[in-house]
Amino acid sequence: MVEKVLSAGKRYRIAVAWAHDENTIGAISRAVREGFVEAIMIGNHSEIKRLCKTTGADEKLFTIINVTDEKEASEEAIRLAVTGEADIVMKGLVGTDKFLRTVMDKDHGLMLPDTILSYVCAIEIPAYKKLLFITDPAVIPFPDLGQKIAMAEYAIAMARRFGIEKPKIALIGASEKMTRHSGNSTDYAVMCKMAERGQIKNCIMDGPLDIFLACDKNSVRIKNVPTPVDGDADILLFPSLESCNPFYKGLMLFAGGELAGLIRGTRNPVIVMSRSESEKSKYYCIALSCFML
């Protein structure tokens, strides 16, 4: 992904809201030095300069806009995107809920008309043979059927951008058993039929599946559960934020994962990451935002 971004030879303008953390400054600094972004750092000028000095980043690489609080920083970043002065918006140290409220503002935000906002990330995990796309760990607490369909379509579009023409989607549950007590079972049955009929295009879909059946061929053999995903999933779609968010953070913390993720459903790419994500993951997210433009 990074090689393709570099080979394109383009520079994209990125506005960072409340750019007050070392990993964000390090990631942005690297992207600027490599020549594919121009950075507008929004926040307390003296704090940004202090962190540049701490991290060894050259403050002259950035345009710094001095603001007094994180809400104002978020609003300024969104304003720059709305007016065309920035191509990409990135969350810095501001809280996700405050930042997303600004993104979703009906009058001044970045929401496309009649769209669903969702988050898709690609994760590189040493223990898995390929990239794994995951949705939604950040935006939709308990997605309904329409939101799950949008989540699937956003993930398919991102996977295809990476050259995966017909990704395998596992609709994740605690087990593979359908049950009348779970609303997700009904939603998953509808989605699988839609995929079969081509209403959800360009994918192979099955669910509910647990993580073993989704990502481990040996488990498919042991359990003897026939599934077209066959332990070879490209995309994992989770039934709730509360199930997806701890899963992906566990991959980061315990499995050496690095991610690249984006908000989908907005006019401009929007980078939203946990404030504790690594510098490398934040750099990958910046590259992904350029890659998807």
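What counts as what
Starting from 1, residues in each chain are numbered consecutively following that chain's sequence as written. In keeping with the predicted nature of the model, local features appear solely for residues at pLDDT of at least 70, side-chain atom pairs appear and are counted solely at 80 or more, and the whole-chain, interface and lining totals rest on all residues. In computing side-chain properties, one takes all heavy atoms of the structure into account and sets aside hydrogens as well as water. Angles run from 0 to 180 degrees between N-to-C directions of axes, and those axes are lines fitted to C-alpha atoms, restricted for helices to the stretch in contact. Secondary structure elements follow DSSP: runs of H or I of four or more residues count as helices, runs of E of two or more count as strands, with numbering from the N terminus. Roughly parallel here means an angle under 35 degrees, roughly antiparallel means over 145, roughly perpendicular means 65 to 115, and every remaining angle is called oblique. If you view the pair so one helix is near and one far, a crossing is left-handed when the near helix is turned anticlockwise from the far one by less than a right angle, and right-handed when it is turned clockwise. Whether two residues are in contact is decided by their heavy atoms: any pair within 4.5 Å suffices. Charged means Asp, Glu, Lys or Arg here, nonpolar means Ala, Val, Leu, Ile, Met, Phe, Trp, Tyr, Cys or Pro, and polar covers whatever is left, Gly included. Each residue's exposure class comes from its accessible area (1.4 Å probe, protein chains only) as a fraction of the maximum for that residue type: buried when under 20%, exposed when over 50%, partly exposed otherwise. We define a polar contact as two N or O atoms separated by no more than 3.5 Å, with the added condition that, inside protein, one atom must be a possible hydrogen donor and the other a possible acceptor, whereas residues neighbouring each other in sequence contribute only through side-chain atom pairs. Any carboxyl oxygen of Asp or Glu that lies within 4 Å of a side-chain nitrogen of Lys or Arg is treated as forming a salt bridge with it.

A.B. asks: Tell me about the packing of helix 2 (residues 22–34) against helix 11 (residues 279–291), and please be specific about residues and values.
C.D. replies: Between helix 2 and helix 11, the least distance of the axes is 8 Å, while the angle of their chain directions is 50°. In this view, helix 2 runs oblique relative to helix 11, as classed from their interaxial angle. When you trace helix 2 past helix 11, the crossing you get is right-handed. Packed against helix 2, whose contacting residues are Asn23, Thr24, Gly26, Ala27, Ile28, Arg30, Ala31 and Glu34, the element helix 11 presents Glu279, Lys282, Tyr283 and Ile286 at the interface. Looking at the contact of helix 2 with helix 11, its residues break down into five nonpolar, three polar and four charged.

A.B. asks: Can you break down the environment of Thr115 residue by residue, with the values?
C.D. replies: Within the secondary structure, Thr115 sits in the loop between helix 5 (96–103) and strand 5 (118–124). Judged by its relative accessible area of 27%, Thr115 falls in the partly exposed class. Here Thr115 is in contact with Tyr154 and Gly265, once residues within four sequence places are set aside. Among the polar contacts made by the side chain of Thr115, one reaches the main-chain carbonyl oxygen of Gly265 at a distance of 3.2 Å.

A.B. asks: Just give me the short version of the pattern of salt bridges, but keep the residues and values in it.
C.D. replies: Tallied over the full model, the rule gives 20 salt bridges. The partner of Arg13 in a salt bridge is Asp87, with the nearest N and O atoms 3.1 Å apart. One end of the pair, Arg13, is in strand 1 (residues 12–17); the other, Asp87, is in the loop between helix 4 (70–82) and strand 4 (88–91), with 74 residues separating them in the sequence. Overall, Arg13 belongs to the partly exposed group, its relative accessible area being 29%. Of the charged contacts in the structure, one is a salt bridge between Glu165 and Arg160, with a shortest N-O distance of 3.4 Å. You can call Arg160 partly exposed: its relative accessible area is 31%. Through salt bridges that share partners, Lys129, Lys130, Lys168, Asp232 and Asp234 make up one connected network.

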